[in-house]
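Geometric and topological summary
These are the residues of each chain, in order.
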Amino acid sequence: MVPTYQKKTTRFQYSREALEAALTVLGKGEMSLERVSSRFRIPTSTLHDHLKGLRSKKGAGRPPILMKEVEREIALTCITLQELGFPLTRDYVGRVVSQYLSDKLIPNPFSDGVPGECWWKGF
C-alpha cells in the first residue's frame with residue numbers, strides 16, 4: 001500500500017519569482033534584509049543564505065522519476081491509443097511506458113520495469 005502524503009509544515013510558501021525579485025532588490029541595495037523579507041514574505045534566513053551562496057535556487061523536493069517531456073509524450077501516446085479504440089488499463093499503460101523507455105534508450109528507473117503506485121499518483 002502506498003503511503004498517503006500529508007504536508008506537515010508551511011515551508012516554501014513563496015514563488016521562485018518572488019525570491020528572484022527579492023534577491024535583485026537586495027543586490028541593488030535598495031532596502032534592508034529585514035524590509036525585503038517582510039515585503040516579499042520570505043524568511044530572513046533564506047534570503048541571507050541565498051546571498052551568501054549557501055542555498056541553491058532550485059526548488060524543494062525530489063527530482064521527478066521521468067522528465068516532463070517524456071511524461072508528456074507518454075500521455076500523448078496513451079491518448080492516441082485510446083482514440084484508436086485500445087482500452088487502457090493500468091497494466092497496459094505500464095507496458096506502454098516500459099516499451100517507450102526501451103525504444104528511446106532511456107534507462108528504466110522503475111523496480112520490475114513498470115511504474116509503481118507513487119508514479120501513478122503523480123502522473
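Fair warning: this is a prediction, and the values are worked out from it, not measured in the lab. (Residues numbered from 1 in each chain as written. Predicted model: local features only at pLDDT ≥ 70, side-chain atom pairs only at ≥ 80, totals over all residues. Heavy atoms only, no water.)

**A look at the overall build of the protein chain**
A count of helical and extended segments in the protein chain gives six helices and zero strands. For the protein chain, the sequential pattern of α-helices and β-strands runs α-α-α-α-α-α. Looking at the 123 residues of the protein chain, the share that counts as buried comes to 29%. Approximately 9,400 Å² of the protein chain is accessible, and the part contributed by carbon and sulfur atoms is 54%. (Helix = DSSP H or I, 4+ residues; strand = E, 2+ residues; numbered from the N terminus. Buried < 20%, exposed > 50% of the residue type's maximum accessible area, 1.4 Å probe, protein only. Areas by Shrake-Rupley, 256 points an atom, 1.4 Å probe, with all protein chains shown as cover.)

**Thoughts on unusual backbone geometry**
Phi at Arg-41 is positive, roughly 55°, even though this residue is not glycine. Position of Arg-41 among the secondary structure elements: in the loop between α2 (33–40) and α3 (44–52). Phi at Leu-105 takes a positive value of approximately 55°, unusual for a residue other than glycine. With respect to the helices and strands, Leu-105 occurs in the loop between α5 (90–103) and α6 (117–122).

**Re the packing of α2 against α3**
Across the interface, α2 lies against α3 with an axial gap of 9 Å and an inter-helix angle of 120°. Here α2 is positioned oblique relative to α3, judged by the angle of their axes. The crossing of α2 and α3 is right-handed. The segment α2 lies against α3, with Leu-33, Val-36 and Ser-37 engaging Thr-44, Leu-47, His-48 and Leu-51. A breakdown of the residues in the contact of α2 with α3 according to their chemical character gives four nonpolar, three polar and no charged. (Axes fitted to C-alpha atoms, helices over the stretch in contact; angles between N-to-C directions. Parallel < 35°, antiparallel > 145°, perpendicular 65-115°, else oblique. Left-handed = near helix turned anticlockwise from the far one by under 90°. Contact = heavy atoms within 4.5 Å. Nonpolar A, V, L, I, M, F, W, Y, C, P; charged D, E, K, R; others polar.)

**Structural notes on helix α1 (residues 16–28)**
Under the 1.5 Å per step criterion, the end-to-end length of α1 is 19 Å for 13 residues, consistent within 8% with the ideal 18 Å. Those residues of α1 lying buried are Ala-18, Leu-19, Ala-22, Leu-23, Val-25 and Leu-26. Along the axis of α1, the buried residues cluster in a sector spanning 160°; they form a single face. Away from its buried face by more than 90 degrees, α1 exposes Glu-17, Gly-27 and Lys-28. Its buried side turned inward, α1 meets α2 and α3. Gly-29 occupies a position one or two residues after α1 and carries a positive phi of about 75°. (Expected span 1.5 Å × (residues − 1). Arc of directions from axis to C-beta.)

**Re the nonpolar core**
By size, the foremost hydrophobic cluster in this structure holds 13 residues, and its most contacted members are Leu-19, Ala-22, Val-36, Phe-40, Ile-42 and Leu-47. When contributions to this core are tallied by element, the ones reaching two or more residues are α1 and α2. Ranked by residues supplied to this core, first place goes to α1 with six residues. Residue contacts for Ile-42: discarding those within four places in its chain leaves Tyr-14, Ala-18, Leu-19, Ala-22, Ser-37 and Leu-47. By size, the runner-up hydrophobic cluster in this structure holds 11 residues, among which are Cys-78, Tyr-100, Phe-110 and Trp-120. (Core = buried A, V, L, I, M, F, W, Y, C linked by side-chain atoms within 4.5 Å.)

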